[in-house]
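Notes for the structure review
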Amino acid sequence: KNILNIKDLKVQIDEKEILKGLNLQINAGEIHIIMGPNGSGKSTLAYTLMGHPKYDITNGEIIFDDELINELRADERAKKGIFLSFQYPEEIPGVTVEEFLRTAKTSVTGKFQGVMAFKKVLKEKMKELEIAEEYAARYLNQGFSGGEKKKNEILQMAVLEPKLAVLDETDSGLDVDAIRIVAEGVKRMHNDKRSILVITHYNKLLEYLNPHYVHILLDGRIVKTGGIDLANEIDEKGYEHIRSIYSYQ
Ligand code: ADP
Ligand code: MG
Ligand code: MG
């Protein structure tokens, strides 16, 4: 079953066209990877999917779960089951991981999450992800390592149970531990109803994830779709080579 169908999507920021006719289809339960050189429009795609108001859709359709969502606000899309790890301040003084996640769950489901009931759910999710119990009581991002921030992202995904999770890992400067946390988290969270789109240039992450499809985003379009072999080709030959072959297709 198709979960995301993007047709001829064009997106502008401040009247500059960034996405120039992008097509992408994702079925339920699939893991997709998007790779592409800096400035090709990867983060623009992620923010556009989430409904960030700064990104102006001038053409095309975003169909999520059989529904056109072009005009929906970010909170409405989140309620329908699209997840993009929230952007939040480096540290939120006095807010624990548990409180943050409970608030996020209340906001996405529209249902108040009682303290005790949520504690129980969170405990189960953390067990599933092999995250130590003490983590829930830590203050959000205070003294967190890169890996601990990633744990929070994965835990958010586990708690919110989206149909489609979009993880933009391009600029995050992940160390080996963080890459492993993301990869294992994604694998545990992925199932036949949950699709995952990971934007990355980390080959290690790609190998761990073993995606169904790898796409190359170049100058605002997906110019090539393949498997892991495509990622290896980029690794060997670089994007300029890919550009010279595929940009006129
Ligand atoms: P990527 O994530 O692939 O590196 P981005 O989507 O961040 O690429 O950016 C694509 C293009 O859009 C770049 O040319 C960048 O300079 C431009 N861009 C990104 N964000 C903004 C913004 N907020 N305002 C203006 N231009 C932007
Ligand atoms: Mg960038
Ligand atoms: Mg980016």
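Note that the coordinates shown come from a computational prediction; the quantities given were computed from them, not determined experimentally.

Conventions used here
- Residues numbered from 1 in each chain as written.
- Chains lettered and ligands numbered in written order.
- Predicted model: local features only at pLDDT ≥ 70, side-chain atom pairs only at ≥ 80, totals over all residues.
- pLDDT = per-residue confidence, 0-100.
- Helix = DSSP H or I, 4+ residues; strand = E, 2+ residues; numbered from the N terminus.
- Core = buried A, V, L, I, M, F, W, Y, C linked by C-beta atoms within 7 Å.
- Buried ≥ 20, exposed ≤ 12 C-beta atoms within 10 Å, placed from the backbone.
- Near = placed C-beta within 6 Å.
- Nonpolar A, V, L, I, M, F, W, Y, C, P; charged D, E, K, R; others polar.
- Axes fitted to C-alpha atoms, helices over the stretch in contact; angles between N-to-C directions.
- Parallel < 35°, antiparallel > 145°, perpendicular 65-115°, else oblique.
- Left-handed = near helix turned anticlockwise from the far one by under 90°.
- Contact = placed C-beta atoms within 7 Å.

**Examining the confidence of the model for the chain**
Across the chain, the average pLDDT comes to 90, with 96% of residues at 70 or higher. This complex was scored by the predictor with a pTM of 0.92 and an ipTM of 0.93.

**Describing unusual backbone geometry**
In this structure, Asp66 is a non-glycine residue whose phi angle is positive, near 70°. Among the structural elements, Asp66 can be located in the loop between strand E4 (56-64) and strand E5 (67-68).

**Quick look at the nonpolar core**
If you look at the biggest cluster of nonpolar residues, it comprises 66 residues, and the most contacted ones within it are Val166 and Val182. The leading source of residues in this core is helix H6 (residues 176-189), at seven residues.

**What to know about the site of ligand 1**
As a structural note, the neighbourhood of ligand 1 is formed by Ile13, Asp14, Ile18, Gly36, Asn38, Gly39, Ser40, Gly41, Lys42, Ser43, Thr44 and Thr170. For the shell around ligand 1, the element with the most residues is helix H1 (residues 42-50), which contributes three residues. Partitioning the shell around ligand 1 into residue classes produces two nonpolar, eight polar and two charged.

**Considerations on the packing of helix H3 (residues 97-109) against helix H5 (residues 146-160)**
Two quantities define a packed helix pair, namely the angle between the helix axes and the distance between the axes. Orientation of H3 relative to H5, taken along the N-to-C sense of each, is 40°, at an axis distance of 10 Å. The orientation of H3 relative to H5 falls into the category oblique. Taken as a pair, H3 and H5 cross one another with a handedness that is right-handed. Two secondary-structure elements touch here, H3 through Val97, Leu101, Ala104, Lys105 and Val108 and H5 through Asn152, Leu155, Gln156, Val159 and Leu160. For the contact of H3 with H5, the residue count by class is seven nonpolar, two polar and one charged.

**Details of H1**
Judged by how many residues are buried, H1 sits mostly within the fold: eight of nine residues are covered. What H1 keeps buried is the set Lys42, Thr44, Leu45, Ala46, Tyr47, Thr48, Leu49 and Met50. Immediately beyond the C-terminal end of H1, within one or two residues, lies Gly51, with a positive phi of roughly 90°.

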